[in-house]
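Next come the chains, spelled out residue by residue.
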2 protein chains.
Amino acid sequence: MLIIIKILGLIVGFIVDKVFVVSEELGMTVRKKDFGEWYLEVVKKAGLLDQRYPVKGFPVYMPWAVFMIKRITSMLEQGLEQSGHEPAAFPVVIPESSLRKEREHVKSFEKEVFWITHAGQNKLDERLFLRPTSETAIYPMYSLWIRTYQDLPLKLYQSCQVYRYETKMTKPLIRGREFFWIESHTVQRTNEDAKKQIEEDMKITEDVIEKKLGIPFILCERPPWDKFPGAEGTYAYDTIMPDGKTAQVATTHNLGTRFSKPFDIKFVDENEKKQYAYQTCFGPGVSRILSAVISVHGDDKGLVLPPELAPVQVVIIPISVKGHEKDVIKKSNELCAELSKCLRVKLDNRNYRPGFKFNEWELKGVPVRLEIGPDDVAKKQVTLVRRDTGKRIVVSDGEAKKEIDEIMKDIFDNMKARAKKFFDENLREAKNYKELKEKLKQGGLVKISFCYEEDCAQKLKDDTGAEIRGPVFKSNEKPGEKCAICGKPAKKVVYAARAY
Amino acid sequence: MLIIIKILGLIVGFIVDKVFVVSEELGMTVRKKDFGEWYLEVVKKAGLLDQRYPVKGFPVYMPWAVFMIKRITSMLEQGLEQSGHEPAAFPVVIPESSLRKEREHVKSFEKEVFWITHAGQNKLDERLFLRPTSETAIYPMYSLWIRTYQDLPLKLYQSCQVYRYETKMTKPLIRGREFFWIESHTVQRTNEDAKKQIEEDMKITEDVIEKKLGIPFILCERPPWDKFPGAEGTYAYDTIMPDGKTAQVATTHNLGTRFSKPFDIKFVDENEKKQYAYQTCFGPGVSRILSAVISVHGDDKGLVLPPELAPVQVVIIPISVKGHEKDVIKKSNELCAELSKCLRVKLDNRNYRPGFKFNEWELKGVPVRLEIGPDDVAKKQVTLVRRDTGKRIVVSDGEAKKEIDEIMKDIFDNMKARAKKFFDENLREAKNYKELKEKLKQGGLVKISFCYEEDCAQKLKDDTGAEIRGPVFKSNEKPGEKCAICGKPAKKVVYAARAY
């Protein structure tokens, strides 16, 4: 029986054998004091990314990160499929001529793509580039596939990595040359349908980012000078990082007919008339979302992971005392097998001090630690420790499963509330330029009345480094009389912020 | 209530809205008569791949294929994780200097990789290539990570696409320039441990390819002249396609210390001595496995999909008769909502003739068709039609779910038995060269006694196009006295076959 339990313990559920804590020193920088330093440390010490790969800006994504990237991807995919999107996979290489079809698009992207010029020993007739985003890969095919209104809406997505030759300083998961995202590309009959797609995308994002991962966000319409190259409108999801800078975690672009025209995506409507189709694309940044989870929920001990996301939800740590090893291990194995039926459980029976293991799994953000010592065996009980508060609870064996479920729910509620509180506290408002500059120093998103002119936004940027993130999607808030920056008549209420 | 059911019908389970049957003409080439033609047709007409992408050899993977690629990938990932492998993601770009570290490896691969020479407007200092396989991306990192015997075994995998500049004629899912696979890379303390890994890989492959997908295979050790470039030994999984040619669907390579030496992967053993580590890599070809599923199970009507793999397991087709539309649709929606709780169900209420829909879903290989007409509504029954045999069964509403489960089990048993019978019938044996050549014409794998010399294998290839696939893994079968090809003393019993 013991053997069976041992084998079960080995094969059930997730098994994370290598811990990949790169550094021996587990201590962390205080998060509030130096968020930037803390972030780099936690990414390294929790074994998320290794930046030592010999091509600059291309990190190695380690198991702990990949488990979560896969999980976030699959949460988003589920939302996309439930709203009628289907998966596809378009080539990673795109011919240069496809890029050159949309004027604004090429202007922006030709400077930031990787170019393939040779294959084997041959020079290629036409240069290829690695996708930085896939409009120019997908739309030539849409032009072949779409014939009549009955083919619409067409809603495809692909989960993939994209490649951008970033010349700014790269930052793990926030700005890299290879990162994970999903891109969905829809084709619609009317502009109204395209606009409805923005709301569907919002619901998908909200369900994952807010409801499952506890990341609060605001959806802004970017001003015209900050749109996606070629788009008619860009709608972006911003969260606030602990240092007060905002991070964009997803965007939807309303492309109107700006791509359907150069790519010749037409359909025959109900009246047998040929029309250009309306298009949208939606890109939740999986890497970016993970960076927000790390930053928003983390604390001075390291990661704090939402239970639904955590690669390991419960870590079991046997606390052996000489003469009792066998009992403790037996019980640990039994509990691991039992709990693994419905949770992601890891039994850590490596030959290290318990204190070392505690620190390590705290650093990696595992929601619940379950300790078993000889006393617990004797009393048929276990000790549960919450990652978010450090609170210890002793419960009877039989109650463990139920209690863990409740604790995990509670942990997530607490994380979500904490994150929301921080977010709300960092929504500010300013009446004039002096106030705006002060509030921007405090961090977060600052609401102002704004003239909606690019020059004025540029002045703000030059003076403070902050950007106009735009008006809130569908907001009807009336602006004050004057622009808070230049004093000319105000047109819209917008948020300003320093941004990643 | 009806509305709720309708909404449920829309959101539950998998929803496949676009059918992507590219051609209007659904009729298929007879599979036995011209397998090659049949294969290309089914790939196109069932909406698996579109080959019209403007870069040669780079197909677009369409939803029906991507659903299955994702499913096969996740089946294999589960097997890998249950045996202690963890996921990672290494960059798609590899510096040229890393390729040049292993002599045989570079010789083979430098001719078949895509080279990146520029980024944006800059020429790169060092050329990068797209991974054709990831040894040279991963092993420099292994060299950094591995310190002592306690770090071993290290078992990582990545699910990704790889890129090869194939100069031979490409064939969808069988030979392409971008294809899907998983590669796992392990590091072991001893050669014995490395050898055990081959058996673990075999179990993972068997569990998925044979037990879940019904594809019979044979595991052969490739002869030295057909090994993976740089490996000590290559163990390959071959299945037999309907035209009698074999297709390799996965391989494990025992790398010995041939990569750990140039890449400097060393560990300190229990006696504090530094040693080079032993390595293996395992590559189940997801695209190849899908091509085998298509080929081995398909029939003259198109795909026949294993129920566990099928993107849609049950398609519901309402058969409306004027005046009864409402009842039929209502019942179809109800059944769709009910069955979607535990099956992947599609309700096809497009405005087409039922016969057209039947053909289309048969072409796409959906295991069970559920028809509902006004009569069925009145009698509280439904008609189920099996994809594999075409047999119709009428069952009461309440029994539908249970009956479908049984039918699906039965379908898979039948598919598996059919495939196994074909495979076994195509294992032949030959005593001499004349017989070998005759048997090779009949197709499949032909067992012979063999001298195990490359020249002799080359003669066979020149004469017949067939290759020595090698001796069966761990087989102890004694060869006859003479090589069936050259007549010299035989050393091993091997299989010969024409191969994809």
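Residues numbered from 1 in each chain as written. Chains lettered and ligands numbered in written order. Predicted model: local features only at pLDDT ≥ 70, side-chain atom pairs only at ≥ 80, totals over all residues. Heavy atoms only, no water.

1. Quick word on the sheet that holds strand β6 (residues 122–130) of chain B
- Strand order in the open sheet formed by six strands is β4(A)-β6(A)-β5(A)-β5(B)-β6(B)-β4(B), with antiparallel pairing between adjacent strands. Of all the strands in the sheet, just β4 (93–95) of chain A together with β4 (93–95) of chain B have a single pairing partner and so form its edges. Within the sheet, the average angular offset between the axes of one strand and its neighbour, ignoring direction, is 45°.
- In this sheet, strand β6 (residues 122–130) of chain A lies alongside β4(A) in antiparallel orientation, the contact comprising three bridges. Note that in β6(A) the partner of Ile94(A) across the bridge is Phe129(A). (Pairing = 2+ DSSP bridges. Helix = DSSP H or I, 4+ residues; strand = E, 2+ residues; numbered from the N terminus. Axes fitted to C-alpha atoms, helices over the stretch in contact; angles between N-to-C directions.)

2. Let's talk about the packing of aromatic side chains
Residues and elements named next belong to chain A.
- Evaluated as defined, the whole model comprises 42 aromatic pairs over all chains.
- Here Trp115 and Phe129 contribute two aromatic rings whose centre-to-centre distance is 5.5 Å and whose plane-to-plane angle is 65°, an arrangement assigned as edge-to-face. Within this pair, whereas Trp115 is found in strand β5 (residues 114–119), its partner Phe129 is found in strand β6, the two being separated by 14 residues in sequence. A single burial state applies to Trp115 and to Phe129, both of which are buried.
- Through a chain of ring-to-ring contacts, the aromatic side chains of Phe90, Tyr139, Tyr142, Trp145, Phe259 and Phe263 assemble into a single cluster.
- Sitting above the plane of the Phe358 ring, Arg369 keeps its charged end 3.7 Å from the centroid. (Phe/Tyr/Trp six-rings, centres within 6.5 Å; stacked < 30°, edge-to-face > 60°. Buried < 20%, exposed > 50% of the residue type's maximum accessible area, 1.4 Å probe, protein only. Lys NZ or Arg CZ within 6 Å of the ring centre and 35° of its normal.)

3. Side note on the interface of chain A and chain B
- Between chain A and chain B, the residue contacts involve 65 residues of the former and 65 residues of the latter.
- Summed over both partners, the interface of chain A with chain B buries about 5,700 Å², with 62% contributed by carbon and sulfur atoms.
- Inspection of the chain A/chain B interface yields four salt bridges.
- Where Lys70(A) meets Glu81(B), a salt bridge forms, and the shortest distance between an N and an O atom there is 3.5 Å.
- At the surface where chain A touches chain B, the tally comes to 22 residue pairs in polar contact (both at pLDDT 80 or more).
- Along the lines of polarity and charge, the residues of the side of chain A that touches chain B split into 45 nonpolar, seven polar and 13 charged. (Contact = heavy atoms within 4.5 Å. Buried area = accessible area lost by both parts, 1.4 Å probe. Salt bridge = Lys/Arg side-chain N within 4 Å of Asp/Glu carboxyl O. Polar contact = N/O pair within 3.5 Å; in protein donor to acceptor, adjacent residues only side chain to side chain. Nonpolar A, V, L, I, M, F, W, Y, C, P; charged D, E, K, R; others polar.)

4. What about the relation of the copies chain A and chain B?
- Superposition record for chain A on chain B: RMSD 0.0 Å, screw rotation 180°, translation along axis 0.0 Å. Look at the turn and shift together and you get a two-fold axis relating the two. Considering only C-alpha atoms, the part of chain A nearest the rotation axis is Ile116(A), at 2.1 Å.
- When the interface residues of chain A are mapped onto chain B, 100% of them are again interface residues, pointing to one common binding face. (Least-squares fit on C-alpha atoms with pLDDT ≥ 70 in both.)

5. Looking at the sheet that holds strand β21 (residues 445–450) of chain B
Residues and elements named next belong to chain B.
- Read from one edge to the other, the open sheet built from four strands follows the order β20-β21-β23-β22, with strand pairing classed as mixed. In this open sheet, the two strands that pair with only one neighbour each are β20 (427–429) and β22 (467–470). On average, each strand axis in the sheet is inclined to that of its neighbour by 40°, with strand direction left out of account.
- Inspection of the sheet shows β21 paired to strand β23 (residues 492–497) by five bridges, in the antiparallel sense. Of the residues in β23, the one forming a bridge with Lys447 is Tyr495.

6. Examining the pattern of salt bridges
- The tally for this structure, following the rule as stated, stands at 96 salt bridges over all chains.
- A salt bridge links Lys70(A) to Glu77(B); its shortest N-O distance comes to 3.0 Å. One end of the pair, Lys70(A), is in helix α3 (residues 63–82); the other, Glu77(B), is in helix α3 (residues 63–82), on a second chain.
- In this structure Lys70(A) comes out as partly exposed when scored by relative accessible area, which is 28%.
- Taking relative accessible area as the criterion, Glu77(B) reaches 12% and is therefore assigned buried.

7. Digging into the packing of α3(A) against helix α7 (residues 191–212) of chain A
All names here are of chain A.
- The N-to-C vectors of α3 and α7 enclose an angle of 145°; their axes lie 9 Å apart at closest approach. α7 is crossed by α3, and the crossing has right-handed handedness. Where α3 approaches α7, its residues Met75, Leu76, Gln78, Gly79 and Leu80 are matched on the opposing element by Ile204, Val208 and Lys212.
- Here the contact of α3 with α7 is built from residues that sort into five nonpolar, two polar and one charged. (Left-handed = near helix turned anticlockwise from the far one by under 90°.)

8. Notes on the domain arrangement of chain A
- You can read the domains of chain A as domain 1 (74–297), domain 2 (312–422) and domain 3 (427–497).
- When each unit is reduced to the centre of its C-alpha atoms, the spacing between domain 2 of chain A and domain 3 of chain A is 48 Å. (Domains from an automatic or database assignment.)

9. Some thoughts on helix α2 (residues 35–45) of chain A
All names here are of chain A.
- The complete set of buried residues in α2 reads Phe35, Trp38, Tyr39, Glu41, Val42, Val43 and Lys45.
- Where α2 is buried, its residues touch β1 (49–50), α8 (286–297) and α10 (354–363).
- A positive backbone phi angle near 70° is found at Gly47, which sits one or two residues after α2.

10. Overview of the packing of helix α2 (residues 35–45) of chain B against helix α9 (residues 286–297) of chain B
Residues and elements named next belong to chain B.
- Two elements in contact, α2 and α9, have axes whose closest approach is 11 Å; the angle formed by their N-to-C orientations is 115°. The element α2 and its partner α9 pack so that their crossing is right-handed. Residues Phe35, Trp38, Tyr39, Val42 and Val43 of α2 form the contact with α9, whose own contacting residues are Ser291, Ile294 and Ser295.

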